[in-house]
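Here's the letter readout for the chains.
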Amino acid sequence: VQLQASGGGLVQAGGSLRLSCAASGSIFSINAMGWYRQAPGKQRELVAAITSGGSTNYADSVKGRFTISRDNAKNTVYLQMNSLKPEDTAVYYCAADIAGMDYWGKGTQVTVSS
């Protein structure tokens, strides 16, 4: 199983980015999927998560600005990020619970300039 993330980049404060993460390989079903981020010198933190049924959970710092969604047919999770702030700058990682095992994608850099 592999998770491939894309969509990171450089954006000005107030701008938007959309991250995508597609799971591939021998997959029967995917339980929760989510996005984490790690800024320099800080611990990795949960940004948003979504269950197979569509229930979502967000970090307080991104509520109202970020939206997580998923396409179960494509085994893909998305993170729409609006009103970006410099403090959102980090490497963003996608993760998935597949048959009880956790899988991680390689990070994608998001940089927000002030």
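Residues numbered from 1 in each chain as written. Predicted model: local features only at pLDDT ≥ 70, side-chain atom pairs only at ≥ 80, totals over all residues. Heavy atoms only, no water.

1. Notes on the nonpolar core
Short version of the rule: Note on terminology: a nonpolar core comprises buried Ala, Val, Leu, Ile, Met, Phe, Trp, Tyr and Cys residues joined through side-chain atoms within 4.5 Å. In this scheme, a residue with accessible area under 20% of its type's maximum is buried, one over 50% is exposed, and one in between is partly exposed, where area comes from a 1.4 Å probe on protein chains only. Strands here are runs of E lasting at least two residues and helices are runs of H or I lasting at least four, both read from the DSSP assignment and numbered beginning at the N terminus. Pairs of residues are marked as contacts when any of their non-hydrogen atoms sit within 4.5 Å.
Counting 31 residues, the largest nonpolar core has Trp35, Val47, Phe66, Ile68, Leu79, Met81 and Tyr92 as its most contacted members. For this core, the secondary-structure elements that each account for two or more residues are strand 1 (2-6), strand 3 (17-24), strand 4 (30-38), strand 5 (45-50), strand 7 (66-71), strand 8 (76-81), strand 9 (90-98) and strand 11 (108-113). Broken down by element, the residue count for this core peaks at five residues, all from strand 9. Ignoring sequence-local partners within four residues, the contact set of leucine 79 consists of Leu17, Arg18, Leu19, Trp35, Val47, Ala48, Phe66, Thr67, Ile68 and Tyr92.

2. Considering the environment of glutamine 80
For the record, the criterion: Pairing of N or O atoms within 3.5 Å defines a polar contact, subject to two protein rules: one partner must be a possible hydrogen donor and the other a possible acceptor, and residues neighboring in sequence count only if both atoms are side-chain atoms.
Examined against the element boundaries, glutamine 80 turns out to sit in strand 8. By relative accessible area, which is 27% here, glutamine 80 ends up partly exposed. Remark: the alpha-carbon pair of glutamine 80 and cysteine 21, spanning 59 residues in sequence, is separated by 12 Å. Each residue touching glutamine 80, except ones within four places of it in the same chain, is listed here: Ser16, Leu17, Arg18, Arg65, Phe66 and Thr67. Polar contacts involving the side chain of glutamine 80 include one to the side chain of asparagine 82, which spans 2.9 Å.

3. Side note on the state of the cysteines
Convention followed: Only a pair of cysteine sulfur atoms within 2.5 Å qualifies as a disulfide here.
In this structure the tally under the stated criterion is one disulfide. What pairs with cysteine 21 in a disulfide is cysteine 94, and their sulfur atoms sit 2.0 Å apart. Across the S-S bond linking cysteine 21 and cysteine 94, the dihedral sits near 50°, which makes this disulfide right-handed. Residue cysteine 21 is found in strand 3, and its partner cysteine 94 is found in strand 9; the two are separated by 73 residues along the sequence. Each member of the pair, cysteine 21 together with cysteine 94, is buried.

4. Some points on the packing of aromatic side chains
Rules: Only Phe, Tyr and Trp rings are paired, with Trp represented by its six-membered ring, and only when their centres lie within 6.5 Å; those with planes under 30 degrees apart are stacked, over 60 edge-to-face, the remainder tilted. Counted as over-ring charges are cases with an Arg CZ or a Lys NZ within 6 Å of the ring centre that also lie within 35 degrees of the ring normal.
Enumeration over the complete set of coordinates arrives at one aromatic pair. With a centroid separation of 4.9 Å and an interplanar angle of 55°, the aromatic rings of tyrosine 36 and tryptophan 104 are classed as tilted. With tyrosine 36 in strand 4 and tryptophan 104 in strand 10 (residues 101-104), this pair connects stretches of sequence that are 68 residues apart. Its relative accessible area of 40% is what places tryptophan 104 among the partly exposed residues. Sitting over the face of the ring of tyrosine 78, arginine 18 holds its NZ or CZ atom 4.1 Å from the ring centroid.

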